[in-house]
Amino acid sequence: MNNPLIYSTTPRNGNPETQRWQALDAAHHLHPFSDAASLNAKGSRVITKGDGVYLYDSEGHKIFDAMSGLWCVNVGYGRKELADAAYQQMMELPFYNTFFKTTHPPVVELSELVTKVAPQGFNHIFYTNSGSEGNDTVIRMVRHYWACLGQPKKKVIISRTNAYHGSTIGGASLSGMNYMHEQGDLPIPGIAHIEQPYWYANGGELSPEEYGIKAARALENKILELGVENVAAFIGEPVQGAGGIIIPPTTYWPEIQRICGHYGILLIADEVICGFGRTGEWFGSDYYGIKPHLMTIAKGLSSGYMPIGGVLVHDSIAEVLMEAGDFNHGFTYSGHPVACAVAAANIRLLQRERIIEKMKSDVMPYAHQRWHDAFDDHPLVDDVRCLGYFFAVTLVEEKASRKRFAHGDALALQCRDVCFKNNLIMRATNDSMISAPPLIMTRKQVDEFVDLARRCIDEFQEQLARR
Ligand SMILES: *Cc1c(COP(=O)(O)O)cnc(C)c1O
C-alpha cells in the first residue's frame, strides 16, 4: 500500500473506452439493487480484469476485492484450471439435460465430490442455476415432502427478519428485508418471519448467551402461534451474510435444533454464503454442529466462475421423495455440464491446495487478530466481529451505551464510497461495514486489507468530524 501505483486515487481517464462503456451501460443496462438515476449520473466503474484477490478497472486501478465478488470467488480470480475445465467441457458436450432418462459425466462427478465433502447423511443433490432458485426449490420440495407423508397442510416456512434468501418471488419472500417485500406484495402466503439473532441490536441487558436462547424461542412461539400442523420448516443462514454479517450467540443454533426436533419440523440451512469454506469449515452447519435436512448451496460451489446452485438433500428426506414418483420441478440448465465441470474443478482445487485447512490453521487466526487490533478501540465503530472470512464493524455514535447513529444506513453508504474511492471493496449493510475476502489471502494481503480498511474508516471519521 505504499505503492502509489497500486492505490492511486486520481482518475487517470487514460482509457477512451471507459466513457463509451459508461454511456452504453447507462443507456441499456438495468443494474440489480441499484438506483439507476444516481448511478448513471456518475457512471458505473468498469471492471475489466481479476487476478487473485485483486480486480482492475478500465482506468488501470488495482482494487482489493474484500467481498470476493458477491461472496463467491472463494479461490480468487484467474484460476486457469477452472477456465480449462469450461473450455474442455464446451468442446466435448456444451449442453445436455437430465430430464428424460439421461445423465452426463460432469453432473455425476460433481455430485460425488459435493456429497463427499458435505456433512454425513447428505447423499443427493438437486441442481439449480443460483441460490434463489435453490431456495425456490426448497419451498416446493418441503411442501411436496409433507404432502407425500399425507400432511399437505404443513406448508408454512419460518424465516427471519433481515435474512437474505434470494430475489425470485420465493427467495425474496423467504428473505426478511422490508425494502424487498414492499415491492410487489411480498411475501407470498405461507412464509412467516421471526426476529434475527442480533445481540448487539436486540440483546438489551441480556448476555449474548441468554439472548441467543431468547431469539431461538421466537421460533417456538411462532410454531405455537401458527399451529404445528401448519408448519413445514425453519430456514436460516448459519451466519447471516447480506443482512450485515450477523453472527448468532453460541446458544442460538443448539436451541433452534432442539425446537425443530421437538416439533418435528424440517431444518433448512441456507449455505449459499457459508458453504465451501467461508466459515473455515466446508459448511456453516459443520462450524455450528447444525444437523439440517436440506442445505441450499450456490456461490462458492463454483467460486462464481459459472452460475450454479442446488439443494443438498438429507437421506431421510431423499428416501421419501424417491419413493413418491415424479417431483414436477426442474430447470433447463439444472446440472448444466459446463457449470458442473467448473464446480468440480473448483472443489478439486480446494482439496488439492488444502485451501480451507490452510486458511483455518494459518492465515485466519492472524487475520482475526489483525481485525480486532485495528478496530477494537476505534472510536467510530463497535461490535467488531469476525468468523471465518467474515469481517464486520458497526458504525456507532457512542460505544459505551451501544448507541447507534440515527441515519447509520446513509453513513455506512458514504463510508463504502470512501473505501471504493481508495480501491477497497467492502459493503455497507444497514449501519455495518462488512467484508468477505477470498479464502486465499496471504498474510501480507491480510495486512494490506486490514490497513486499508482502517485507513478508509479513519478517513471517513475525519469527514464526519469536519461536518
Ligand atoms: C446470494 C444468496 C442467495 C441467492 O443466491 P443467488 O445466486 O443470488 O440467487 C441465497 N441465499 C443466500 C444466503 C445468499 O447469500
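Cut-off values and rules
- Residues numbered from 1 in each chain as written.
- Predicted model: local features only at pLDDT ≥ 70, side-chain atom pairs only at ≥ 80, totals over all residues.
- Heavy atoms only, no water.
- Pairing = 2+ DSSP bridges.
- Helix = DSSP H or I, 4+ residues; strand = E, 2+ residues; numbered from the N terminus.
- Axes fitted to C-alpha atoms, helices over the stretch in contact; angles between N-to-C directions.
- Disulfide = S-S within 2.5 Å.
- Buried < 20%, exposed > 50% of the residue type's maximum accessible area, 1.4 Å probe, protein only.
- Phe/Tyr/Trp six-rings, centres within 6.5 Å; stacked < 30°, edge-to-face > 60°.
- Lys NZ or Arg CZ within 6 Å of the ring centre and 35° of its normal.
- 1 Å grid on protein atoms, 1.4 Å probe; cavity = no way out; pocket = protein on both sides within 12 Å on 5 of 7 lines; lining within 4 Å.
- Points joined across faces, edges and corners; volume = space filled by probe spheres on them.
- Nonpolar A, V, L, I, M, F, W, Y, C, P; charged D, E, K, R; others polar.
- Near = heavy atom within 4 Å.
- Polar contact = N/O pair within 3.5 Å; in protein donor to acceptor, adjacent residues only side chain to side chain.
- Areas by Shrake-Rupley, 256 points an atom, 1.4 Å probe, with all protein chains shown as cover.
- Domains from an automatic or database assignment.
- Contact = heavy atoms within 4.5 Å.
- Buried area = accessible area lost by both parts, 1.4 Å probe.
- Salt bridge = Lys/Arg side-chain N within 4 Å of Asp/Glu carboxyl O.

Novice: In this structure, what is going on with the sheet that holds strand 7 (residues 231–236)? I would like to understand it.
Specialist: Backbone hydrogen bonds hold the strands of a sheet together, and the pairing may be parallel or antiparallel. Taken in spatial order, the 7 strands line up as 4-10-9-8-7-5-6 in an open sheet, and their pairing is mixed. The open sheet has two edge strands, strand 4 (122–128) and strand 6 (191–194), and neither has a second partner. With direction set aside, neighbouring strand axes in the sheet form an average angle of 25°. As paired strands, strand 8 (residues 266–270) and strand 9 (residues 294–297) are joined by 3 bridges and run parallel to one another.

Novice: Could you clarify how one ought to interpret the state of the cysteines in this entry?
Specialist: Cysteine pairs can be covalently joined through their sulfur atoms, and such a bond is termed a disulfide. Taken as a whole, this structure holds 0 disulfides when the rule is applied. Free cysteine cysteine 386: the closest other cysteine sulfur is in cysteine 274, separated by 15 Å. Residue classification places cysteine 386 among the buried positions, given a relative accessible area of 15%.

Novice: Looking at this model, I keep getting lost on the packing of aromatic side chains. Mind explaining?
Specialist: Any two aromatic rings considered together are summarised by their centre-to-centre distance and by the angle between their planes. Applying the stated criterion across every chain yields a total of 19 aromatic pairs. An angle of 80° between the planes, with centres 5.7 Å apart, marks the rings of tyrosine 54 and phenylalanine 64 as edge-to-face. Taken together, the residues span a long stretch of sequence, with tyrosine 54 in strand 2 (residues 54–57) and phenylalanine 64 in strand 3 (residues 62–65) at a distance of 10 residues. Just as tyrosine 54 is buried, phenylalanine 64 falls in that class too. Through a chain of ring-to-ring contacts, three or more aromatic side chains come together here, namely Tyr54, Phe64, Trp371, Phe375, Tyr389, Phe391 and Phe449. The ring of tyrosine 54 has lysine 62 lying over it, and the distance from NZ or CZ to the ring centre is 4.1 Å.

Novice: Mind showing me how you'd approach the layout of surface pockets here?
Specialist: Using a probe with the size of a water molecule, rolled over the atoms, empty space left in the structure can be pinpointed. One number sums up the size of the second largest pocket: a volume of about 910 Å³. Lining of the second largest pocket is provided by 26 residues; of these, Thr98, Ile125, Phe126, Phe327 and His329 occupy positions nearest its centre. For the lining of the second largest pocket, the secondary-structure elements that each account for two or more residues are helix 6 (105–117), strand 4 and helix 14 (315–323). The leading source of residues in the lining of the second largest pocket is strand 4, at 5 residues. A per-class count over the lining of the second largest pocket returns 13 nonpolar, 12 polar and 1 charged.

Novice: What is the right way to read unusual backbone geometry from this model?
Specialist: Leaving glycine out, the prevailing phi sign among residues is negative, and the prevailing peptide bond configuration is trans. Between leucine 186 and proline 187 the backbone carries a cis peptide bond, its omega angle lying at -5°. Within the element layout of this structure, proline 187 appears in the loop between helix 9 (178–181) and strand 6. With phi around 50°, serine 68 is a residue other than glycine that occupies positive phi space. By the element assignment, serine 68 lies in helix 4 (residues 68–71). If you check the backbone angles, aspartate 185 has positive phi at about 55° while not being a glycine. Turning to its location among the elements, aspartate 185 is positioned in the loop between helix 9 and strand 6.

Novice: Even after reading the chapter, I still don't get the site of the ligand, so can you show me in this structure?
Specialist: In the vicinity of the ligand, the contacting residues are Ser130, Gly131, Ser132, Asn135, Tyr164, His165, Gly166, Glu237, Asp270, Val272, Ile273 and Lys299. In the environment of the ligand, an oxygen atom lies 2.5 Å from a nitrogen or oxygen atom belonging to the side chain of serine 132. Here an oxygen atom of the ligand and a side-chain polar atom of lysine 299 are 2.6 Å apart. For the ligand, whose accessible area on its own is 380 Å², the fraction buried by protein is 84%. A total of 3 residues in the shell around the ligand trace back to one element, the largest contributor, which is helix 7 (residues 131–148). In the shell around the ligand, the residues fall into 3 nonpolar, 6 polar and 3 charged.

Novice: Can you walk me through the domain arrangement of the protein chain in this structure?
Specialist: When the parts of a complex come together, some accessible area is lost, and that lost area is often taken as the interface size. Under the domain assignment, the protein chain is made up of domain 1 (16–78 + 355–466) and domain 2 (80–352). Here the C-alpha centroids of domain 1 and domain 2 sit 26 Å apart. At the junction of the two partners, domain 1 supplies 40 residues and domain 2 supplies 40 residues. Summed over both partners, the interface of domain 1 with domain 2 comes to about 3,100 Å²; 59% of that surface belongs to carbon and sulfur atoms. Considering only the side of domain 1, the residues that lose the most area to domain 2 are Leu387, Phe390 and Arg402, jointly responsible for 23% of the buried surface there. Where domain 1 meets domain 2, there are 1 salt bridge. Here domain 1 is connected to domain 2 by 18 residue pairs in polar contact (both at pLDDT 80 or more). For the side of domain 1 that touches domain 2, the elements supplying multiple residues, two or more each, are helix 4, helix 16 (355–375), strand 11 (381–387), strand 12 (390–398), strand 15 (427–429) and strand 16 (432–435). Per-class residue counts for the side of domain 1 that touches domain 2 are 22 nonpolar, 10 polar and 8 charged.

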